[in-house]
Amino acid sequence: MSTYNFGNVNGPANFGDHGQIQINQSTPDLATLMQVADRLAEALHAEYPGLVRSGEIIQGELALSAEDGLPPNRGKIRSALETIAIGASAGTASLTFTQQLLHAMGL
């Protein structure tokens, strides 16, 4: 075991980020999110009819956001996406679209 003191990792050697972590994640526009949600719903109809309701919840929240101009309810969307992620098998279109929405919305 080493007892070497590394000192200040943000010191003169310029290690670290100097306390300025910046994550520049841009959220796709609402129309793009709605297209992915529509494709997710189509995939659910074909692959997992029992999970179609979760897809409809996502579509409904995005449509409501488009109508009223407010941000979509991320809590409802996240719950629906998690339900789909639990029920969908690896390699299916349903899981792929679910992962895309999770990533795009930063959930």
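Above this text you will find the structure in question.
As a convention, each chain's residues are numbered from 1 in the sequence order in which they are written. Where local features are concerned, this predicted model is filtered to residues with pLDDT of at least 70; where side-chain atom pairs are given and counted, the filter is 80 or more; whole-chain, interface and lining totals use all residues. Hydrogen atoms and water are omitted, and side-chain values are computed over all heavy atoms in the structure.

Caption draft 1: Broad picture of the nonpolar core. Judged by nonpolar contacts, the single largest core of 22 residues is most densely connected at L40, L44, I58, L81 and L101. Helix and strand labels come from DSSP, where a helix needs a run of H or I of at least four residues and a strand needs a run of E of at least two; each type is numbered from the N terminus. Of all elements in the fold, only α1 (30-47), α2 (52-68), α3 (74-87) and α4 (93-104) reach the threshold of two or more residues within this core. If one sorts the elements of this core by residue count, α1 sits on top with six residues. Setting aside residues up to four positions removed in sequence, L101 forms contacts with L33, V36, A37, L40, I58 and L81. Only buried Ala, Val, Leu, Ile, Met, Phe, Trp, Tyr and Cys residues count toward a nonpolar core, and they belong to the same one when joined by side-chain atoms within 4.5 Å. For every residue, the accessible area (1.4 Å probe, protein chains only) is compared with the maximum for its type, and the residue is labelled buried under 20%, exposed over 50%, or partly exposed between those bounds. Contacts between residues were defined by any pair of non-hydrogen atoms, one from each residue, lying within 4.5 Å.

Caption draft 2: Region of interest: the pattern of salt bridges. When a carboxyl oxygen of Asp or Glu is within 4 Å of a side-chain nitrogen of Lys or Arg, the pair counts as a salt bridge. In total, this model carries three salt bridges according to the counting rule given. Two residues, E56 and R53, come together in a salt bridge whose shortest N-O distance is 3.7 Å. A residue pair is termed a helical-turn pair when its members lie 3 or 4 positions apart in one helix, as E56 and R53 do in helix α2 at three residues. Here R78 makes a salt bridge to E82, at a shortest N to O gap of 3.0 Å. With R78 and E82 both in helix α3 and four residues apart, the pair spans about one turn of that helix. E82 gets classed as partly exposed once you look at its relative accessible area, which sits at 37%.

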